[in-house]
Amino acid sequence: MIATQAKLVYQLNKYYNERCQTRKAAIAKTIREVCKVVSDVLKEVEVQEPRFISSLSEIEARYEGMEVISPNEFEVVLYLNQMGVFNFVDDGSLPGCAVLKLSDGRKRSMSLWVEFITASGYLSARKIRSRFQTLVAQAVDKCSYRDVVKMVADTSEVKLRIRERYVVQITPAFKCTGIWPRSAAQWPLPHIPWPGPNRVAEVKAEGFNLLSKECYSLTGKQSSAESDAWVLQFSEAENRLLMGGCRKKCLSILKTLRDRHLELPGQPLNNYHMKTLLLYECEKHPRETDWDESCLGDRLNGILLQLISCLQCRRCPHYFLPNLDLFQGKPHSALEAAAKQTWRLAREILTNAKSLDKL
């Protein structure tokens, strides 16, 4: 048994050093290329409208605010200034979303975003995005990369297609620190020892983001109040939780397997599903020793089996917001196909570690 485990860990490390590192290097190269274009577009936007200041900055060879959705799809979060005069309200009526309401009607004129405040005092995510979309469309025509970049039509999101190969979504957002959403109040679960009080305090201090984008739970039934809502995002908090042990290596292997084998019609699975299931696996295996290199094979198998179960039940709850289902709106047939393909992958890895050479 131990020999089999050791063989699997050896093969996984080989896979990580060959396939995952190659993927990482290719994505890093793409990111540099994409960020040059996006920075240029955002510079033009800023000239027209100084309230939209580019927050895309390179720190230690990483771009702050850049999320990789897949090797050809990216999201850049553009942090806006001055949320000050608004209260953050999440009463759970819109899973995964919250609203920003003026703390005092008399402060309306003090807000930097005065023309985007609705009659009832909400800062409208949709109105800000609509204005930003107009500015980006103008900037695309003026920027020095105008031959290789164009806006993606037929969407309320701000999306650029670059060199006909990459799609980048630029999402206006506010950073919220020092508060924690009510809809995530159940975290951490009282009976689970992971991640421990110190890490919990760090994560909560890290806070979350409010993004101006279409919300999973709202598609198809957008009333005006709902389209003014902001989407909750916890990427910094999640990254902090995944520090230590072989967690990041495990995520890297999962992403590589997804890119190579689970990019299916209907796009049932993205890298965020992998990250979410990894966080649940951390709760199931709370001890640091469970994340030693020698346990990499067990952890990976556990996550793949959990993924099959989620796909079969057609439900994958968000880690911090369990009322939000990350499979919402995905075609059942696509989830079924993904379950079958994940099962084939897991069986292959479990029964023959050397098969990783071909995966």
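Residues numbered from 1 in each chain as written. Predicted model: local features only at pLDDT ≥ 70, side-chain atom pairs only at ≥ 80, totals over all residues. Heavy atoms only, no water.

The name given to the chain in an unreviewed UniProt entry is Mab-21-like 2, with the source organism recorded as Scleropages formosus.

1. A few points about the overall build of the chain
Heads up, the rule is: The helix count covers DSSP runs of H or I at least four residues long, the strand count covers runs of E at least two residues long, and both are numbered beginning at the N terminus. In this scheme, a residue with accessible area under 20% of its type's maximum is buried, one over 50% is exposed, and one in between is partly exposed, where area comes from a 1.4 Å probe on protein chains only. A contact between two residues is defined here by any heavy atoms of the two lying within 4.5 Å. Each accessible area is a Shrake-Rupley result for a 1.4 Å probe, and residues are judged covered by the shown protein chains and nothing else.
Each helix and strand counted, the chain has nine helices and 11 strands in total. Relative to its full complement of 359 residues, the chain shows a buried share of 50%. The contacts in the chain between residues at least 6 apart in sequence include a share of 69% that link residues at least 24 apart. Carbon and sulfur atoms make up 52% of the accessible area of the chain, which totals about 16800 Å².

2. Some details on unusual backbone geometry
The linkage connecting Trp187 with the following residue, Pro188, adopts the cis geometry, with an omega of -5 degrees. Of note, Pro188 is situated in the loop between β9 (166-176) and α3 (197-206). The omega torsion across Trp194 and Pro195 is 5 degrees, close enough to zero to call that bond cis. Take Pro195: it is sitting in the loop between β9 and α3. One non-glycine residue, Glu164, lies in the positive phi region at around 60 degrees. Position of Glu164 relative to the elements: it lies in the loop between β8 (159-162) and β9. We classify Glu164 as exposed; its relative accessible area is 55%. Backbone geometry at Gln267 places phi at a positive 40 degrees, although glycine is not the residue there.

3. Comments concerning the pattern of salt bridges
Using the following cut-off: The salt bridge criterion pairs a side-chain nitrogen of Lys or Arg with a carboxyl oxygen of Asp or Glu, the two atoms within 4 Å.
Within the structure shown, the criterion is met by 27 salt bridges. Among the ionic pairs, Glu33 bridges to Arg163, the shortest N-O distance being 2.7 Å. Residue Glu33 is located in helix α1 (residues 2-48), and its partner Arg163 is located in the loop between β8 and β9; the two are separated by 130 residues in the primary sequence. Across the pair Arg129 and Glu157 runs a salt bridge, and its minimum N-O distance is 3.9 Å. One end of the pair, Arg129, is in helix α2 (residues 125-142); the other, Glu157, is in the loop between β7 (149-151) and β8, with 28 residues separating them in the sequence. Both residues of the pair, Arg129 and Glu157, belong to the buried class. Salt bridges sharing common partners tie together Arg23, Arg258, Asp259 and Glu263.

4. Observations regarding the packing of aromatic side chains
Rule in force here: Each Phe, Tyr or Trp ring, with Trp reduced to its six-membered ring, pairs with another whose centre is within 6.5 Å; inter-plane angles below 30 degrees give stacked pairs, above 60 give edge-to-face pairs, and intermediate values give tilted ones. Each ring is checked for a lysine NZ or an arginine CZ that lies within 6 Å of its centre and within 35 degrees of its normal; such an atom marks a charge sitting over the ring.
Scanning the entire structure with this criterion turns up 14 aromatic pairs. Ring geometry for Phe52 and Phe132: centres 5.0 Å apart, planes at 35 degrees, overall tilted. Here Phe132 lies in helix α2 and Phe52 lies in the loop between α1 and β1 (57-59), a separation of 80 residues in the sequence. Judged by its relative accessible area of 1%, Phe52 is buried. Both rings, one in Tyr319 and one in Phe320, keep their centres 5.0 Å apart while their planes meet at 70 degrees; by these two values the pair is edge-to-face. Residues Tyr319 and Phe320 agree in their burial class; the two are buried. A network of ring pairs unites the aromatic residues Phe88, Trp180, Trp187, Phe208, Phe234, Tyr280, Tyr319 and Phe320 as a single cluster. The side chain of Lys175 reaches across the aromatic face of Tyr79, ending 4.4 Å from its centre. Looking at Arg299, its charged tip hangs above the ring of Trp291, at a distance of 5.9 Å from the centre.

5. Comments concerning the side chain of Thr118
Take Thr118: it is sitting in the loop between β6 (97-102) and α2. Beyond its immediate chain neighbours, meaning those up to four positions away, Thr118 contacts Arg108, Ser124, Lys127 and Asp228.

6. Quick look at the pairing of strand β5 (residues 86-89)
The condition that has to hold: A strand pair is defined by DSSP finding two or more bridges across the two strands.
By the alternation rule, side chains of β5 split into Phe86 and Phe88, which are all buried, and Asn87 and Val89, of which none is buried. Here β5 runs beside β6; their pairing, made up of four bridges, is antiparallel. Across the sheet, residue Asn87 finds its bridge partner in β6, namely Lys101.

7. Digging into α2
Heads up, the condition is: Helix span, as expected, comes to 1.5 Å for every residue beyond the first.
The first and last C-alpha atoms of α2 sit 26 Å apart over 18 residues, in line with the 26 Å expected at 1.5 Å per residue. The complete set of buried residues in α2 reads Ala125, Ile128, Arg129, Phe132, Gln133, Leu135, Val136, Ala139 and Val140.

8. Side note on the packing of helix α7 (residues 271-284) against helix α8 (residues 296-313)
Note the cut-off: Helix axes use the C-alpha atoms of the stretch in contact, all axes being lines fitted to C-alpha atoms, and the angles between their N-to-C directions lie in the range 0 to 180 degrees. Definitions for this section: a left-handed crossing has its near helix turned counterclockwise from the far helix by less than a right angle. A right-handed crossing has that turn clockwise.
Two elements in contact, α7 and α8, have axes whose closest approach is 10 Å; the angle formed by their N-to-C orientations is 115 degrees. Handedness of the crossing formed by α7 with α8: right-handed. Across the interface between the two elements, Met274, Leu277, Leu278, Glu281 and Lys284 from α7 touch Asp298, Arg299, Gly302, Ile303, Gln306, Leu307 and Cys310 from α8.

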